[in-house]
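Okay, here's what each chain looks like letter by letter:
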Amino acid sequence: MFRHAIVRKPGPNFCDGITTADLGRPDYERALAQHEQYCRVLGEQGINVTILEADDRYPDGCFVEDMAVVTPRCAVITRSGALVRQGEEAAIEQVLAAYLPIERIEPPAVVDGGDILQIADHFYIGLSRRTDPVGASQLAAILKKHGYESSTVPVDSVLHLQTGVTWVGGRQLACIEGFAARSEFVGFDRLVVPPQDDYSANCLHVNGVTLVPAGFDATRDALAKLGHRVVEVEMSEFRKMDGGLTCLSILF
Ligand code: CIR
């Protein structure tokens, strides 16, 4: 069970962040409303949500997931693979330091938290445009020191590992086709989302409910059929900036 979440409000220059999506400019007011809904849903799961104010130096700052890898034993502050996002982690570290021992990814290594998929005591580390092998091995060593196993997974068709595969409880994963056949994941029950619904592979399973981006009925219905308590969250404006449900919070 998670007790805490850290989130950061999108700022007025949110639309100046990095994106590869070709879905138009996000509407700021709508993004704020969607962010509020997201925080409300977390609060309804008994989570104490720390909401950081936006920082205009960091248009992508609301995507806090990338700034830390948090376990019950330590918080690893990352060093983003997106140069313009380096520095976002300082505000996150300040909050986490009150709860957990801090570890750090050191230069020149880079790691984005979105590349880390935790399943029980095992951490899958995506090797992507944002997380390099040196970063992965630094992270693996830190995790090992704290008693966790890890392994790497190549990521090429999506931004981060969790863009394409997320844990949704028990032995279940939601994933895109590209990850379904990977040897790392064949031992799991995989809900493979239809190719046109790739975005909905990024679900957030938290304290017994499964958050799904709104508008992906096939994924929503498939999860409900598997017995999930599904909550739909409007994500259209974050999707325009390549962000998904997991990206908007750090849970611990
Ligand atoms: C970026 O490109 O860094 C942001 N626009 C989106 C980050 C999404 N984060 C995530 O998938 N963990």
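Residues numbered from 1 in each chain as written. Predicted model: local features only at pLDDT ≥ 70, side-chain atom pairs only at ≥ 80, totals over all residues. Heavy atoms only, no water.

S.K.: Sorry if this is basic, but what is going on with the layout of surface pockets here?
M.R.: Space inside the largest pocket adds up to approximately 850 Å³. Contributing to the lining of the largest pocket are 32 residues, with Phe2, Val70, Gln118, Leu251 and Phe252 lying nearest its centre. When residues of the lining of the largest pocket are traced back to their parent elements, those giving at least two are strand E3 (68-70), strand E6 (116-119), strand E9 (165-167), strand E12 (204-206) and strand E15 (250-251). Looking at the lining of the largest pocket, the element that brings in the most residues is E6, giving 4 residues. (1 Å grid on protein atoms, 1.4 Å probe; cavity = no way out; pocket = protein on both sides within 12 Å on 5 of 7 lines; lining within 4 Å. Points joined across faces, edges and corners; volume = space filled by probe spheres on them. Helix = DSSP H or I, 4+ residues; strand = E, 2+ residues; numbered from the N terminus.)

S.K.: It is not clear to me how the nonpolar core should be interpreted in this structure. Could you clarify?
M.R.: One recurring pattern in soluble globular proteins is that nonpolar side chains are buried together. Tyr38, Leu42, Phe63, Leu204, Val206, Leu211 and Phe238 are the most contacted members of the largest nonpolar core, which has 25 residues in total. When residues of this core are traced back to their parent elements, those giving at least two are strand E1 (4-8), helix H1 (28-44), E12 and strand E13 (209-213). Here this core takes 5 residues from H1, the largest share from any one element. In contact with phenylalanine 238, not counting residues within four places along its chain, are Pro10, Phe14, Ala31, Gln34, His35, Cys62, Phe63, Gly243 and Leu248. (Core = buried A, V, L, I, M, F, W, Y, C linked by side-chain atoms within 4.5 Å. Buried < 20%, exposed > 50% of the residue type's maximum accessible area, 1.4 Å probe, protein only. Contact = heavy atoms within 4.5 Å.)

S.K.: So what exactly am I meant to see when it comes to the site of the ligand here?
M.R.: Around the ligand sit 13 residues, and of these Ile18, Asp60, Glu65, Met241 and Cys247 come closest. Between isoleucine 18 and the ligand, the recorded distance is 2.6 Å, taken from a backbone N or O atom to a nitrogen atom. A distance of 2.8 Å is found between an oxygen atom of the ligand and a side-chain nitrogen or oxygen belonging to histidine 160. Classifying every residue of the shell around the ligand gives 4 nonpolar, 3 polar and 6 charged. (Near = heavy atom within 4 Å. Polar contact = N/O pair within 3.5 Å; in protein donor to acceptor, adjacent residues only side chain to side chain. Nonpolar A, V, L, I, M, F, W, Y, C, P; charged D, E, K, R; others polar.)

S.K.: Would you explain H1 in this entry?
M.R.: Since one α-helical turn is 3.6 residues long, residues separated by three or four positions face the same way. Over its 17 residues, H1 runs 24 Å from end to end, which matches the ideal 24 Å to within 8%, given 1.5 Å per residue. Listed as buried for H1 are Ala31, Leu32, Gln34, His35, Gln37, Tyr38, Cys39, Val41 and Leu42. Its side-chain oxygen placed 3.2 Å from the backbone nitrogen of glutamate 29, aspartate 27 serves as the N-cap of H1. Looking one or two residues past H1, glycine 46 carries a phi angle of roughly 80°, positive in sign. (Expected span 1.5 Å × (residues − 1).)

S.K.: I'm lost on the sheet that holds strand E14 (residues 229-233) in this one. Help?
M.R.: The strand order across the open sheet built from 3 strands is E12-E13-E14, with neighbouring strands paired in mixed fashion. Because the sheet does not close on itself, it has two edges, and the strands there are E12 and E14. Along the sheet, successive strands turn relative to each other by an average axial angle of 30°, direction set aside. Sheet analysis places E13 next to E14, joined by 5 bridges and oriented parallel. The residue bridging proline 213 from the neighbouring strand is valine 233, located in E14. (Pairing = 2+ DSSP bridges. Axes fitted to C-alpha atoms, helices over the stretch in contact; angles between N-to-C directions.)

S.K.: Explain the confidence of the model for the protein chain here, please?
M.R.: Interpretation of this model should avoid reading the predicted coordinates in detail wherever pLDDT is low. The pLDDT averaged across the protein chain works out to 98; a share of 100% of its residues lies at or above 70. Per-element confidence in the protein chain is highest for strand E4 (residues 75-77), whose mean pLDDT is 99, and lowest for helix H5 (residues 177-180), whose mean pLDDT is 96. (pLDDT = per-residue confidence, 0-100.)

S.K.: Honestly, empty space enclosed by the protein in this entry has me stumped. Any pointers?
M.R.: Vacant regions in the atomic arrangement are exposed by a probe of water-molecule size rolled over the atoms. A full pass over the atoms with the stated rule returns 1 cavity of 30 Å³ or more. Lining the largest cavity are Arg8, Lys9, Pro10, Gly11, Asn13, Ala54, Asp55, Tyr58, Pro59, Gly61 and Cys62.

S.K.: What is the right way to read the pairing of strand E10 (residues 172-175) from this model?
M.R.: Consecutive side chains along a regular strand alternate between the two faces of the sheet. Taking every second residue as pointing to the same face, both faces of E10 are buried, with Gln172 and Ala174 on one and Leu173 and Cys175 on the other. Taken together, the 3 bridges between E9 and E10 define a ladder with antiparallel strand orientation. Across the sheet, the residue bridging to tryptophan 167 is leucine 173, located in E10. Between the antiparallel neighbours E9 and E10 lie 4 residues, among them glycine 169 with a positive phi of about 105°. Relative to strand E11 (residues 189-192), E10 runs parallel, the two sharing 4 bridges. Its bridge partner lying in E11, cysteine 175 is registered against valine 192.

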